[in-house]
Amino acid sequence: MDEKEVLKRQLQQELQWVQCRQNMLSIMEAKLQQMKQLAELAKQGNLTGLELEELNIKLNNLVAQVNAQDEESRNIENEGIVE
């Protein structure tokens, strides 16, 4: 391979990673919006203790999902694994 082909391959890989990262960020953004809605619901103050517990569980699950998604996207970047 000549230099142009190598550069082209590198740029294609970077583009794939950026597209993958954008998709993951979109998923994370949707989960963050869900978290915001749940927080606003809790802020209204008209929930029972049980409802607040359930809401907290949902929030914690969303936090874990966002963190896992972020970690996965960073692993893809660090390992150079882009499909």
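The following refers to the structure shown. (Residues numbered from 1 in each chain as written. Predicted model: local features only at pLDDT ≥ 70, side-chain atom pairs only at ≥ 80, totals over all residues. Heavy atoms only, no water.)

## Considerations on the side chain of Arg21
(1) Moving on: For Arg21, the position within the fold is in helix 1 (residues 3-43).
(2) Moving on: Residue Arg21 is classed as buried on the basis of its relative accessible area, which comes to 15%.
(3) Moving on: At 3.2 Å, the side chain of Arg21 and the side chain of Asp70 are in polar contact.
(4) Moving on: Beyond its immediate chain neighbours, meaning those up to four positions away, Arg21 contacts Met28, Asp70, Ser73 and Arg74. (Helix = DSSP H or I, 4+ residues; strand = E, 2+ residues; numbered from the N terminus. Buried < 20%, exposed > 50% of the residue type's maximum accessible area, 1.4 Å probe, protein only. Polar contact = N/O pair within 3.5 Å; in protein donor to acceptor, adjacent residues only side chain to side chain. Contact = heavy atoms within 4.5 Å.)

## Things to note about helix 1
(1) Moving on: Between its first and last C-alpha, helix 1 extends 58 Å over 41 residues, near the 60 Å set by a 1.5 Å rise per residue.
(2) Moving on: Those residues of helix 1 that fall on the buried side of the exposure criterion are Arg21, Met24, Met28, Lys31, Met35 and Leu38.
(3) Moving on: Of the residues trailing helix 1, Gly45 is marked for its positive phi of about 80°. (Expected span 1.5 Å × (residues − 1).)

## As for the side chain of Gln69
(1) Moving on: Relative to the helices and strands, Gln69 is located in helix 2 (residues 49-79).
(2) Moving on: Under the relative-accessibility criterion, Gln69 is labelled buried at 15%.

## Thoughts on the pattern of salt bridges
(1) Moving on: Enumeration over the complete set of coordinates arrives at one salt bridge.
(2) Moving on: Where Asp70 meets Arg21, a salt bridge forms, and the shortest distance between an N and an O atom there is 3.2 Å. Remark: Arg21 occurs in helix 1 and Asp70 occurs in helix 2; sequence separation between them is 49 residues. Like Asp70, the residue Arg21 is buried in the burial classification. (Salt bridge = Lys/Arg side-chain N within 4 Å of Asp/Glu carboxyl O.)

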